[in-house]
Amino acid sequence: MRALQKIILRMSRANFFKNFSLEYIYYILRRALPIFIAYICKIPGLGKEGVVNKPIFLLGMQGGGLTIISRILRRSKNVVSISGGSNYWSGADEMNSVLGSSQSNEYASIEHIKNLPSEIVVGTDWICGTNKYVKRFHAESADKKAMIHFNKVVYTIGNLFGGKNFRFIDKSQNYALKTKLLIKTFHPSKPIFIFLTRDPFAQCFKVASGEYFTNRYLMRNLDFNQRLSLACESWANYIQKFEEDTMGYESVMIMRFEDIVLDLENSMKKICKYCDITFEKNILPTSDDIVPYGSRRKERWFPVHEDINAKYYDKIDASSIKIIDSMIGNLAKKYGYEAPKIMTK
């Protein structure tokens, strides 16, 4: 039953029949290649082993702006993701999902975790950060064999797509709960963690409204206020657990997505410098860019909108604002977020 649920979920999320084409087949093949490599790496003597040079992890919650930042960085020479190099900068870039069941539970997305309790809905990664489940999905370590294999997969794929001087980047959202694990996995290299926040009054409202297919189960089984409360729990737990686990660790940057889009060029210069990546202006989105063949969500490139929260501020009601403010208002203020003015109307 769980396997069937996964198949239906994936086909629905991808609008399988609507999008079926040669380009979509190419996308599937590019996405499948890393899984094949991951299984090859389990065979002694196959794959490459070595130190992955300062892998970069973009972290945050779904809908937090990670896609556009990842795509910009992946246009830089020698920067690779799990599905390709700079010539395929818009390919899949979430290892926890792409590598599927080839990885151990600690590294997997919720839809690929083995022996997952039936009460947990496949595909709803926001559930990982809720009070009920955050301890279950938080990971500080894994079996030594699993950590060696994970490092080997990244090193092999990095060499394949980026050559010996590759830089690896990933944006698996729930890795915000696994930074200690990643630090151990890539030792003696030091992973770089960049956490993007987004206004919870917009982001949590967006999630509760059911904009993501993976929340449709929750749409059927929980009322709006219940969904909103879960989103608030997850928003808070992701950032708090991230800060707890990286306390004292040197390679950490926290940025507000709203600030990035308001000054994209200077923000990307700052991020590139922090990641030790050469910034070139041609990595920024322009109207002349052609999104690589075999890409999904091509609209997530140009133009880059500055008023990213406006439509949610227009829709949110006083009751929703009150719930968000009462649950995480103080934490939101720490990152410069205030309740929308509608609250005073």
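As a reminder, the structure under discussion sits directly above these lines.
This one's a predicted model, so the numbers in the text were calculated from it and none came from an experiment.

Enquirer: I would appreciate a short explanation of the pairing of strand E1 (residues 56–59) in the present structure.
Expert: The side chains of a regular strand alternate, residue by residue, between the two faces of the sheet. Residues of E1 alternate between two faces, with Ile 56 and Leu 58 on one and Phe 57 and Leu 59 on the opposite face, all of them buried. Pairing of E1 with strand E3 (residues 167–170) involves 2 bridges; the strand directions are parallel. Note that in E3 the partner of Phe 57 across the bridge is Asp 170. Pairing analysis gives 4 bridges linking E1 to strand E4 (residues 192–197), with the strands arranged parallel. Opposite Phe 57, over in E4, you have Phe 193 as the bridge partner.

Enquirer: Help me understand a nonpolar patch on the surface in this model?
Expert: A surface patch of nonpolar side chains, amounting to about 630 Å² of accessible area, comprises Phe 20, Leu 22, Ile 25, Tyr 26, Leu 29 and Tyr 293. Tracing the backbone through its elements, the reader meets Tyr 26 in helix H3 (residues 22–40). The exposure class assigned to Tyr 26 is partly exposed, which follows from its relative accessible area of 31%.

Enquirer: How should the packing of helix H9 (residues 200–208) against helix H11 (residues 224–245) be read in this particular structure?
Expert: Helix packing geometry: the angle between the two helix axes and the distance between the axes. The contact between H9 and H11 brings their axes to 8 Å, and the two run at 130°. Classified by the angle between their axes, H9 and H11 sit oblique to one another. Crossing of H9 over H11 shows right-handed handedness. The residues of H11 that touch H9, namely those facing Pro 200, Gln 203, Cys 204, Phe 205, Val 207 and Ala 208, are Phe 224, Arg 227, Leu 228, Ala 231, Cys 232 and Trp 235.

Enquirer: Help me out: how do you make sense of the environment of Leu 160 in this one?
Expert: Among the secondary structure elements, Leu 160 is positioned in helix H7 (residues 144–162). With relative accessibility at 52%, the residue Leu 160 sits in the exposed group. Along the backbone, Leu 160 and Gly 84 are 76 residues apart, and their C-alpha atoms lie at a distance of 8.5 Å.

Enquirer: How do you make sense of the environment of Gly 329 when you look at a structure like this?
Expert: As for its position among the elements, Gly 329 is in helix H15 (residues 318–334). A relative accessible area of 4% places Gly 329 in the buried class.

Enquirer: What am I meant to see in the layout of surface pockets here?
Expert: Any empty space left between atoms is shown by rolling a water-sized probe over those atoms. Its volume calculated, the second largest pocket comes out at about 310 Å³. Looking at the second largest pocket, the residues that line it are Cys 41, Lys 42, Pro 44, Glu 49, Ser 102, Gln 103, Ser 104, Lys 145, Ala 146, Ile 148, His 149 and Lys 152. Here the lining of the second largest pocket is built from residues that sort into 4 nonpolar, 4 polar and 4 charged.

Enquirer: Is there a simple way to explain the packing of H9 against H15 in this structure?
Expert: Remark: H9 packs on H15, axes separated minimally by 10 Å, with the N-to-C direction vectors making an angle of 130°. When the axes of H9 and H15 are compared, the pair comes out oblique. Here the hand of the crossing between H9 and H15 comes out right-handed. The residues of H15 that touch H9, namely those facing Pro 200, Phe 201, Cys 204 and Phe 205, are Ser 320, Ile 321, Ile 324, Asp 325, Ile 328 and Ala 332. Taken together, the residues that form the contact of H9 with H15 break down as 8 nonpolar, 1 polar and 1 charged.

Enquirer: For this particular structure, what's the right way to read empty space enclosed by the protein?
Expert: Summed over the entire model, instances satisfying the criterion amount to 2 cavities of 30 Å³ or more. Of the voids in this model, the second largest cavity is the one considered here, and its volume is about 40 Å³. Lining the second largest cavity we find Gly 60, Met 61, Gln 62, Asp 125, Trp 126, Gln 173, Ser 234 and Tyr 238. Partitioned by chemical class, the residues of the lining of the second largest cavity number 3 nonpolar, 4 polar and 1 charged.

Enquirer: How do you make sense of the nonpolar core when you look at a structure like this?
Expert: The tendency in soluble globular proteins is for nonpolar side chains to be buried side by side. Ranked by internal contacts, the top residues of the largest apolar core, which has 68 residues, are Met 95, Tyr 107, Phe 150 and Trp 235. If you tally residues by element for this core, the top one is H11, at 8 residues. Look past the residues within four positions of Met 95 in its chain and what remains in contact with it is Phe 57, Ile 82, Gln 103, Phe 150, Val 154, Phe 168, Asp 170, Ser 172 and Tyr 175. Core analysis: the second largest hydrophobic core is formed by 29 residues, Leu 58, Ile 68, Ile 277 and Ile 283 among them.

Enquirer: Is there a simple way to think about the pattern of salt bridges in this case?
Expert: Any two side chains of opposite charge can pair, so long as their charged atoms come close to each other. A complete count under the given rule lists 12 salt bridges for this structure. Its salt-bridge partner being Lys 269, residue Glu 265 comes within 3.5 Å of it at the nearest N-O pair. Of this pair, Glu 265 and Lys 269 both sit in helix H13 (residues 264–275), 4 residues apart, which is roughly one turn of the helix. Of the charged contacts, one joins Lys 281 and Glu 265 as a salt bridge, the two residues approaching to 3.7 Å between their closest N and O atoms.

Enquirer: I would appreciate a short explanation of the side chain of Asn 174 in the present structure.
Expert: As for its position among the elements, Asn 174 is in the loop between E3 and helix H8 (179–185). At 2.9 Å, the side chain of Asn 174 and the side chain of Asn 96 are in polar contact. Those residues in contact with Asn 174, other than ones at most four positions away along the chain, are Asn 96, Ala 108, Ser 109, Cys 128 and Tyr 238.

Calculation rules
Think of each chain on its own: its residues are numbered from 1, step by step along the sequence as written. Restriction of local features to residues with pLDDT of at least 70 applies here, the model being predicted, together with a cutoff of 80 or more for giving and counting side-chain atom pairs; totals for whole chains, interfaces and linings are based on all residues. Only hydrogens and water are removed before side-chain values are computed, so all heavy atoms of the structure are retained for them. Working definition: with a 1.4 Å probe on protein chains only, accessible area under 20% of the residue-type maximum means buried, over 50% means exposed, and in between means partly exposed. The numbering of helices and of strands both runs from the N terminus, where a helix is a DSSP run of H or I of at least 4 residues and a strand a run of E of at least 2. Any two strands with at least two DSSP bridges between them are considered paired. Candidate patch residues must exceed 30% relative accessible area and have no salt bridge, after which like charges are joined if within 9 Å and Val, Leu, Ile, Met, Phe, Trp or Tyr side chains if within 5 Å. Under the convention used here, a 1.4 Å probe and the Shrake-Rupley method define accessible areas, while residue burial counts only the protein chains that appear. Note on definitions: salt bridges are taken to be side-chain nitrogens of Lys or Arg within 4 Å of carboxyl oxygens of Asp or Glu. Each axis is a line fitted through C-alpha atoms, taken for helices only over the stretch in contact, and angles between the N-to-C directions span 0 to 180 degrees. Orientation is classified from the angle alone, with under 35 degrees giving roughly parallel, over 145 giving roughly antiparallel, 65 to 115 giving roughly perpendicular, and any other angle giving oblique. It is the rotation of the near helix from the far one that decides the hand of a crossing: anticlockwise by less than a right angle makes it left-handed, clockwise makes it right-handed. Throughout, a contact is declared for two residues whenever any of their heavy atoms are within 4.5 Å. Method remark: on a 1 Å grid restricted to protein atoms, a set of points is classed as a cavity if a 1.4 Å probe fits but cannot get out and as a pocket if it is open with protein on both sides within 12 Å along at least five of seven lines; lining residues have an atom within 4 Å of a point. Grid points are joined across faces, edges and corners, and a volume is the space filled by probe spheres set on the points. Three residue categories are used. Nonpolar comprises Ala, Val, Leu, Ile, Met, Phe, Trp, Tyr, Cys and Pro, charged comprises Asp, Glu, Lys and Arg, and polar comprises the others, including Gly. As used here, the term nonpolar core means buried Ala, Val, Leu, Ile, Met, Phe, Trp, Tyr and Cys residues forming a set that is joined through side-chain atoms within 4.5 Å. Polar contacts here mean pairs of N or O atoms no more than 3.5 Å apart (in protein, one a potential hydrogen donor and the other a potential acceptor; neighbouring residues in sequence count only if both atoms are side-chain atoms).

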